[in-house]
Amino acid sequence: MNETVFLGNVAENNLKTEEKHQESLTKRPEVVDDYIRNYLSTKGMLKSLDAFQNEWYELQQKGSLSPEDRIIVPDVYIKNQELADSLQKLRIDVDNYKEIASKARATYDKLRKERDFHRMHHKRVVQEKNRLIGDIKRLKKHYETYEPTLKNLRNRYEVAMKEKMLIKLERDRLAGKVAALESSGGGGTTGGNKGAERAGSAKKERDLAATHAANLAAATGSDVKSISKKSLNAPSLPKKVAGPREAVLPMEDRPNTYANVDLPMARTDRLKQIHSIKAHNMAVSAVKFHPKKMILATVSDDKVWKMWAFPSGELIMSGEGHKDWIADCDFHPKGAHLATASGDGTVKVWDFAKGVATLTLGDHTQAVWGCAFHDQGDFLASCSMDHTAKLWDVTTGKCRQTFRGHADSVNHVGFVPFSNTLYTCSGDKTLSLWDARTGLCSQTLYGHINAINHVAFSLRGDTVASCDSDGIVKFWDIRNVSELESVDMGPHAANKIAFDPSGSVLALASNDGSTKVYNLKDKTRGRDVTTGDDAMQAVAFDRTGEFLVTAGSDCMVRIFQ
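(A) Region of interest: the sheet that holds strand β13 (residues 398-404). An order of β10-β11-β12-β13 is seen for the four strands of this open sheet, with the pairing classed as antiparallel. On the outer flanks of this sheet lie β10 (368-373) and β13, each paired with one strand and no other. With direction set aside, neighbouring strand axes in the sheet form an average angle of 20°. Pairing of strand β12 (residues 388-393) with β13, which is carried by six bridges, proceeds in the antiparallel orientation. By the bridge assignment for β13, L391 is matched with Q401.

Listed below in structure tokens is the structure:
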């Protein structure tokens, strides 16, 4: 019984030991002689096997076998597997290297772009610095012209102060004498003293006048006799020379004449081109209708403005005088003058009767983008690339206000209808309203994410829209300083917008060569008017709402009915 158990335990232990050996069994690679033996044995070539073993052992005992004869026979599968693993590893390395190279290339492109940006920014800063240096030099020269006048005025002031001091001393001395005579008493003595006092006071006055004349002669270098005669026989104050009186803005806003009028609405669904005019030799930048007659004005990059009979398209008048492109124009409310804004930094006012520019306004330091007359006609507003807008007195030609606050070029300017409120839009993505009397900004509207190119008010003044370089049009509530609606007419830039007389239809001149139409009442877009691939730069409705005029970079003006 014990032997059986013992033998059973021994058997179990042997089985476990065999399992362990099987588990740890590894395949050893064959050497050359074993490979040959196995091959001959499997093929049944026993005689050859015996002969091979005899000869092999003899050579081995003699030491004739080299180490190369006893190397391991390579296993093809193992070799292929090793090569495949090595190839896979190399491919992974190649992919990693490609990814690193792409990242390095992207980093290089990014650094190159940043380098170009900083280089351009540096050039811009250098240009700005040079411009500021030029402005400083110009101001110094301007100040030097005032230096002799200031010196002369300073000398005159010193002479006048000396005379004033002498007159005070003489007055105090004479007052003391009068007080002494009055306190001395005695009738007859008083009467005699009064006569002597009159004679003495007359003599003192003559002496004082002579002293005054001598001081003036010393200050001006003139003859003492001539100055004494003038000072005794003529008034001392010079006569004022009469000049043009400065215009005054109305204290209150005027009632809008269109507020209660039923204005015609444009029918844009039936637009048809009836006429096209080769107006200029370069791009047409703006069009404007005459306030009283059927006349259309155009301005262009060719530095020329023209007036056309509408809608026949016959040329009436043209004018040249600007040194650079003309960006905008506006008619005087009475219709006898035209204002033009140019890239040469000036605004000119042209008189149709005289056929010349009667006024040139040149206080802007960079190109002027826009101009607009006040409804009273006495003031003109302009906006410039120098980040400012200005209000000009047309009567005197002087700048009455400079509106500062925008951080980029001011692209358009105008007046809210029948009011003293000025509006501007800028490349800094804002629209601002200004009080023309004080020069202060009353409201600023935010919402655009790109430069605002143009702003338009309806004739009633109750609807205002703005467009930007992304083709986005926004409608605003001025009273609540909030956005009413936003319409995407992109992706191309919107250059100009215009309302029809009723304020219900908006036309937009797009950079893709089309004129887009939007109906405010229905909140729907109308049919686009496409005239070519060249950008549309200007658009306008006539005052009847029957015609739509477009102008673009192809030098053409097109009339739709």
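So that's the structure; there's more coming.
(B) The sheet that holds strand β7 (residues 337-342), seen in detail. Taken in spatial order, the four strands make up an open sheet running β6-β7-β8-β9, and their pairing is antiparallel. Lying at the two open borders of the sheet, with one neighbouring strand each, are β6 (326-331) and β9 (356-361). In this sheet, adjacent strand axes meet at a mean angle of 25° when their direction is disregarded. Two elements, β6 and β7, share five bridges in a ladder whose sense is antiparallel. Bridge pairing in β7 places D328 opposite A341.

(C) A look at the pairing of strand β22 (residues 494-499). Of all six residues in β22, six are buried, a share of seventy percent or more. When β22 meets strand β23 (residues 505-510), the two strands line up antiparallel, connected through five bridges. From the neighbouring strand, I497 faces β23, where its bridge partner is L508. In textbook terms, the turn of a hairpin is the stretch between consecutive antiparallel strands, and for β22 and β23 this stretch comprises five residues, one of which, G503, has a positive phi near 75°.

(D) Region of interest: the environment of F331. Locating F331 in the fold gives a position in strand β6. Each C-alpha atom, one on F331 and one on H290, is 6.3 Å from the other, the two residues being 41 residues apart in sequence.

(E) Up close: helix α2 (residues 32-42). Among the residues of α2, those classed as buried are D33, R37 and L40. Taken around the axis of α2, the buried residues stretch over an arc of 70°, which confines them to a single face. Residues of α2 that are buried sit in contact with α3 (46-62). Residue G44 follows α2 closely and has a positive phi angle near 80°.

(F) The arrangement of the packing of α2 against α3 in detail. Running from N to C, α2 and α3 point in directions that differ by 165°, and their axes come no closer than 9 Å. If you check the angle between α2 and α3, you find them roughly antiparallel. Every pair of crossing elements has a handedness; the one defined by α2 and α3 is left-handed. Mapping the contact onto sequence places D33, I36, R37 and L40 in α2 and S48, L49, F52, Q53, W56 and Y57 in α3.

(G) Looking closely at the packing of aromatic side chains. Tallied over the entire structure, the rule returns 11 aromatic pairs. For the pair Y258 and F418, a centre-to-centre distance of 6.2 Å together with 50° between the ring planes defines the contact as tilted. One end of the pair, Y258, is in the loop between α6 (224-233) and β1 (273-278); the other, F418, is in the loop between β14 (410-415) and β15 (421-426), and 160 residues separate them in sequence. You can call F418 buried: its relative accessible area is 18%. Ring geometry for F289 versus F310: centroids 4.9 Å apart, planes at 90°, classification edge-to-face. Here F289 is found in strand β2 (residues 284-289), whereas its partner F310 is found in the loop between β4 (304-309) and β5 (315-320), with 21 residues between them in sequence. Its relative accessible area of 15% is what places F289 among the buried residues.

(H) Representation of the side chain of Q401 within the structure. Within the secondary structure, Q401 sits in strand β13. Separated by 3.0 Å, the side chain of Q401 and the backbone oxygen of R437 make a polar contact. Apart from residues lying up to four places away in sequence, Q401 is in contact with A389, K390, L391, A436, R437, T438 and G439.

(I) View of unusual backbone geometry. Between F310 and P311 the backbone carries a cis peptide bond, its omega angle lying at 5°. When you line up the elements, P311 lands in the loop between β4 and β5. Phi at K429 is positive, roughly 75°, even though this residue is not glycine. Mapped onto the elements, K429 comes out in the loop between β15 and β16 (430-435).

(J) How the structure looks around the confidence of the model for the chain. With 83% of its residues at a pLDDT of at least 70, the chain reaches an overall mean of 82. With pLDDT under 50 throughout, residues 1-7 is counted as low confidence; its partners more than four residues away or in other chains account for zero contacts. Scored below 50 in pLDDT, residues 216-241 makes 16 contacts in the model with residues more than four places away or belonging to other chains.

(K) Structural context of the side chain of S432. If you trace the backbone, S432 turns up in strand β16. Judged by relative accessible area, which is 4%, S432 ranks as buried. Not counting the four nearest positions on each side in its chain, S432 is found in contact with H406, L422, Y423, T424, C441, Q443 and T444.

(L) How the structure looks around the nonpolar core. V287, L296, F310, V549 and V557 are the most contacted members of the largest nonpolar core, which has 15 residues in total. Listed by contribution, the elements that provide at least two residues to this core are β2, β27 (536-541), β28 (548-552) and β29 (556-560). For this core, the element with the highest residue contribution is β2, accounting for three residues. Residues contacting V287, with those up to four places away along its chain left out, are L296, A297, T298, A538, V539, A540 and A551.

(M) Representation of the environment of M265 in the model. Note on placement: M265 falls in the loop between α6 and β1. Exposure remark for M265: the relative accessible area of 33% places this residue in the partly exposed category. In this structure, the C-alpha to C-alpha distance between M265 and G545, residues 280 residues apart in sequence, is 6.0 Å. Not counting the four nearest positions on each side in its chain, M265 is found in contact with D500, S502, S504, V505, N519 and K521.

Procedures and definitions
- Residues numbered from 1 in each chain as written.
- Predicted model: local features only at pLDDT ≥ 70, side-chain atom pairs only at ≥ 80, totals over all residues.
- Heavy atoms only, no water.
- Pairing = 2+ DSSP bridges.
- Helix = DSSP H or I, 4+ residues; strand = E, 2+ residues; numbered from the N terminus.
- Axes fitted to C-alpha atoms, helices over the stretch in contact; angles between N-to-C directions.
- Buried < 20%, exposed > 50% of the residue type's maximum accessible area, 1.4 Å probe, protein only.
- Arc of directions from axis to C-beta.
- Contact = heavy atoms within 4.5 Å.
- Parallel < 35°, antiparallel > 145°, perpendicular 65-115°, else oblique.
- Left-handed = near helix turned anticlockwise from the far one by under 90°.
- Phe/Tyr/Trp six-rings, centres within 6.5 Å; stacked < 30°, edge-to-face > 60°.
- Polar contact = N/O pair within 3.5 Å; in protein donor to acceptor, adjacent residues only side chain to side chain.
- pLDDT = per-residue confidence, 0-100.
- Core = buried A, V, L, I, M, F, W, Y, C linked by side-chain atoms within 4.5 Å.

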